[in-house]
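# Observations on the three-dimensional arrangement
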Amino acid sequence: MLTHVVMFHIKENHPNKKLALDECKQKLESLKEKIDGLINITVGLNSIESPRAADMVLICTFKNKNDLEIYRDHPEHLKVVDIIKSHCDRSTVVDYIHHQ
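Residues numbered from 1 in each chain as written. Predicted model: local features only at pLDDT ≥ 70, side-chain atom pairs only at ≥ 80, totals over all residues. Heavy atoms only, no water.

## Some points on the nonpolar core
For clarity, the threshold we go by: Nonpolar core, defined: a set of buried Ala, Val, Leu, Ile, Met, Phe, Trp, Tyr and Cys residues in which side-chain atoms within 4.5 Å join the residues together. Each residue gets one of three labels from its accessible area relative to the maximum for its type: buried under 20%, exposed over 50%, partly exposed in between, using a 1.4 Å probe on protein chains only. By the criteria applied, helices consist of DSSP H or I runs no shorter than four residues and strands consist of E runs no shorter than two, each listed in order from the N terminus. Working rule for contacts: check all heavy atoms of both residues, and any pair within 4.5 Å makes them a contact.
F8, L28, L58 and Y71 are the most contacted members of the largest nonpolar core, which has 22 residues in total. Elements represented by at least two residues in this core include exactly strand 1 (2-10), helix 1 (17-29), strand 2 (38-45), strand 3 (56-62), helix 2 (65-73) and helix 3 (75-87). Other than its neighbours up to four places away in sequence, Y71 contacts H4, L28, L31, I35, L38, L58, C60, F62 and H77.

What follows is the structure, given as structure tokens:
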């Protein structure tokens, strides 16, 4: 199994942070039904203010690296990436393999 974790930061001067987060969350969660190989997807919004905190986290599970690569290049995912880029100024990613 492979887990893909991405933390997103909404642009500091964004005119409506809550609306942006809600849109990004909804669009990301909709990918579950659109992309084969995506076993699970969880999107969480930050609830505790901290200078170290990200605004949103994405956690996806795949069977293997190949399925992650299919997800990354999938046209539906790329549409969501464009939306996220319009709201976020940075992100951090971790991909790790684990055995169950």
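## Describing the sheet that holds strand 1
Stated formally: Strands are treated as partners if at least two bridges between them are detected by DSSP. An axis is simply a line fitted to the C-alpha atoms; with a helix, the fit covers only the stretch in contact. Between two such axes, the angle follows the N-to-C directions and lies from 0 to 180 degrees.
Spatially, 2-3-1-4 is the arrangement adopted by the four strands of the open sheet, whose pairing is antiparallel. Both edges of this open sheet fall to strand 2 and strand 4 (88-97), since each of them pairs with a single strand only. Taken pair by pair, the neighbouring strands of this sheet meet at an average axis angle of 15 degrees, ignoring direction. Across the sheet, helix 3 touches strand 1 and strand 4, and the angle it forms with strand 4 is around 130 degrees.

## What to know about the packing of helix 1 against helix 3
To keep things clear, this is the line we draw: To sort the angles, those under 35 degrees are grouped as roughly parallel, those over 145 as roughly antiparallel, those from 65 to 115 as roughly perpendicular, and the leftovers as oblique. By definition, any crossing whose near helix is turned counterclockwise from its far helix by less than a right angle is left-handed, and any crossing with a clockwise turn is right-handed. Following the grouping adopted for this structure description, the nonpolar residues are Ala, Val, Leu, Ile, Met, Phe, Trp, Tyr, Cys and Pro, the charged ones are Asp, Glu, Lys and Arg, and the polar ones are all others, Gly among them.
With their axes 10 Å apart at the nearest point, helix 1 and helix 3 run at an angle of 165 degrees to one another. Classed by the angle they form, the pair helix 1 and helix 3 counts as roughly antiparallel. Crossing angle aside, the handedness with which helix 1 passes helix 3 is left-handed. Of the residues in helix 3, those in contact with A20, E23, C24, K27 and L28 of helix 1 are V80, I83, I84 and H87. By residue class, the composition of the contact of helix 1 with helix 3 is six nonpolar, one polar and two charged.

## Section: the environment of L21
Mapped onto the elements of the fold, L21 is located in helix 1. Classification of L21 as buried rests on a relative accessible area of 11%. On a C-alpha basis, the gap between L21 and S47 in space is 12 Å, while along the polypeptide they are 26 residues apart. When near neighbours in sequence (up to four residues on either side) are disregarded, L21 contacts I10, L45, D55 and M56.

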